[in-house]
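So the chains spell out like this:
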Amino acid sequence: TGAVGLYNIGQSCCLNSLLQVFLMNIHFTGILRRITVPPYAVQKRRNVPYQMLLLLEEMQCGKRKAVSPVDVAYCLSAYRVKLFVQYDAAQLFLTLWNLIKRQMKKPELVEELSYLYTICVQEHLACQKCSSETKRNSSMLTLPLPVLDSNSHMLKTLEDCLQCFFRPEELTDHNMCFCEQCGRKTPFLQSMKLVHLPQTLTIHLKRFCFEKSAYIHKLSHYLPFPQDLDFNAILTENQCQADDNEKATWQYELFAVVAHSGSTSCGHYCAYIRSLTECKWYCFNDSEVCQVWWDDVKRTYGHFNLHWGETAYLLIYMKKHPQ
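Residues numbered from 1 in each chain as written. Predicted model: local features only at pLDDT ≥ 70, side-chain atom pairs only at ≥ 80, totals over all residues. Heavy atoms only, no water.

As recorded in an unreviewed UniProt entry, the protein goes by the name UBP18 hydrolase, listed as coming from Pygoscelis papua.

See the structure below:
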């Protein structure tokens, strides 16, 4: 019946945008449709995956241009996700995802959900005096990319942001670590290597930053991002810890952009999403949904002089050739 909007029930634009990104992802909805339905009414009201499934069915079966996400919102409020407040899209995404995962009862669905979204990295710490090294594997749901380099200079492309994120960092002076081999604090080299990338990759552009006065301000400068992203062409061999089969799947196509307009204290979110079935771009702005073109999406690159303008905040990429 075409793309369907979500009514704003009171500062719910952030939640609406994220719900649209989840529910337009056919890989995610394929998992959602196989959940175990809670047996009792009170459990149904408090189960986030089930309430999202009901919302999806209402959007797909009805003939209205928009539906209300009020049941999902009240369900989330039981888990300290307050209603009628402004949210940071990156934080709310993590909260939503963790609630969904925690409430999925089938282990195979939890595993599929993790494989669909989870990034795996290997953290390295190497002593600069004795060369002893420690390694630790960890996972994350987003790549939180800086938009400024270590000298607070503006990074010019998404590829620059990725290079900056994976660039080794020297820990010296007051940042030195204790080395067990040397028996004292020594300079260390800290680095991160990429191990695994998921089917759906979420990139968080860190456009909100703290100044020394603890005032949060928005970095709105121009930062282009490509429709096609190949990590093999961006990262060096030293920045990867993966075999050739894994690297062969590191080619991505842009699926969605969650954009923020306004200031840090008074802002608005909307989502640009490419339909995986039609391959058309749509703008989901609460209850209003319309087809757009790539040139419209590019307007979220940002502009230094337009602090209130629309600026990409979350970028969601989809694998071109999954295993």
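A look at the overall build of the protein
Tallying secondary structure elements over the protein gives eleven helices and 18 strands in all. Here the C-alpha radius of gyration of the protein, 21 Å, is about what a compact globule of 323 residues would show, namely 20 Å. Counting only C-alpha atoms, the protein reaches 65 × 50 × 40 Å along its principal axes. When burial is assessed residue by residue, the protein has 49% of its 323 residues classed as buried. Residue pairs at least 24 apart in sequence account for 66% of intrachain contacts in the protein once pairs closer than 6 positions are excluded. For the protein, the accessible surface area stands at approximately 16400 Å², while carbon and sulfur atoms represent 51% of it. (Helix = DSSP H or I, 4+ residues; strand = E, 2+ residues; numbered from the N terminus. Rg over C-alpha atoms; globule rule 2.2 N^0.38 Å. Buried < 20%, exposed > 50% of the residue type's maximum accessible area, 1.4 Å probe, protein only. Contact = heavy atoms within 4.5 Å. Areas by Shrake-Rupley, 256 points an atom, 1.4 Å probe, with all protein chains shown as cover.)

Details of the nonpolar core
Counting 55 residues, the largest nonpolar core has Phe22, Phe28, Met52 and Tyr117 as its most contacted members. Leaving out residues up to four positions away in the same chain, Phe28 has contacts with Phe22, Leu23, Met52, Ile100, Leu113, Leu116 and Tyr117. Counting 44 residues, the second-largest nonpolar core is a separate cluster that includes Leu143, Tyr252, Trp294 and Val297. (Core = buried A, V, L, I, M, F, W, Y, C linked by side-chain atoms within 4.5 Å.)

Regarding the sheet that holds strand β3 (residues 119–127)
Strand order in the open sheet formed by four strands is β4-β3-β9-β6, and the pairing between neighbours is antiparallel. Where the open sheet ends on each side, the last strands, each with one partner, are β4 (133–140) and β6 (169–171). Neighbouring strand axes in the sheet, compared pairwise and without regard to direction, differ in orientation by 25° on average. In this sheet, strand β9 (residues 188–196) lies alongside β3 in antiparallel orientation, the contact comprising eight bridges. What sits directly across from Ala126, in β9, is Leu189. (Pairing = 2+ DSSP bridges. Axes fitted to C-alpha atoms, helices over the stretch in contact; angles between N-to-C directions.)

So, helix α6 (residues 89–103)
One turn of an α-helix holds 3.6 residues; hence residues three or four places apart share an orientation. Helix length check: α6, at 15 residues, gives a terminal C-alpha distance of 21 Å against a target of 21 Å (1.5 Å per residue), a fit within 8%. Residues Ala89, Ala90, Leu92, Phe93, Leu96, Trp97, Leu99, Ile100 and Gln103 constitute the buried set of α6. Backbone nitrogen of Ala90 and a side-chain oxygen of the N-cap are separated by 2.9 Å at the start of α6; the cap is Asp88. (Expected span 1.5 Å × (residues − 1). Polar contact = N/O pair within 3.5 Å; in protein donor to acceptor, adjacent residues only side chain to side chain.)

With respect to the pairing of strand β18 (residues 311–319)
Within β18, nine of the nine residues are buried, leaving the element largely enclosed by the surrounding structure. Pairing of strand β14 (residues 251–262) with β18 involves eight bridges; the strand directions are antiparallel. Looking across to β18, one finds that Ala256 is bridged to Ile316.

Quick word on unusual backbone geometry
Leaving glycine aside, a negative phi is the common case for residues, and trans is the common case for peptide bonds. With a phi angle near 60°, Phe84 is a residue other than glycine that sits in the positive phi range. Checked against the element boundaries, Phe84 lands in the loop between α5 (70–77) and α6.

Overview of the pattern of salt bridges
On inspection of all chains with the given rule, the structure shows nine salt bridges. Ionic pairing is found between Glu237 and Lys247, a salt bridge with its closest N-O pair at 3.2 Å. Linking Glu237 in the loop between α9 (231–234) and α10 (244–247) with Lys247 in helix α10, this pair joins segments that are ten residues apart in sequence. Residue Glu237 is classed as exposed on the basis of its relative accessible area of 61%. In this structure, Glu253 engages Arg274 in a salt bridge whose closest nitrogen and oxygen atoms are separated by 3.9 Å. Of this pair, Glu253 sits in strand β14 while Arg274 sits in strand β15 (residues 267–274), and the two are 21 residues apart along the sequence. With relative accessibility at 9%, the residue Arg274 sits in the buried group. (Salt bridge = Lys/Arg side-chain N within 4 Å of Asp/Glu carboxyl O.)

Quick word on the side chain of His204
Its location among the elements puts His204 in strand β10 (residues 200–206). Judged by relative accessible area, His204 falls into the buried class, the value being 13%. At 3.0 Å, the side chain of His204 forms a polar contact with the side chain of Tyr313. Among all residues touching His204, those that are not within four sequence positions of it are Ala90, Thr142, Leu143, Pro144, Leu145, Tyr313 and Leu314.

Concerning helix α1 (residues 13–23)
Among the eleven residues that make up α1, eleven are buried, leaving the element largely enclosed by the rest of the structure. The set of residues buried in α1 consists of Cys13, Cys14, Leu15, Asn16, Ser17, Leu18, Leu19, Gln20, Val21, Phe22 and Leu23.

Here we look at the pairing of strand β17 (residues 288–292)
Pairing of strand β16 (residues 281–285) with β17, which is carried by five bridges, proceeds in the antiparallel orientation. If you follow Asn285 over to β17, its bridge partner there is Glu288.

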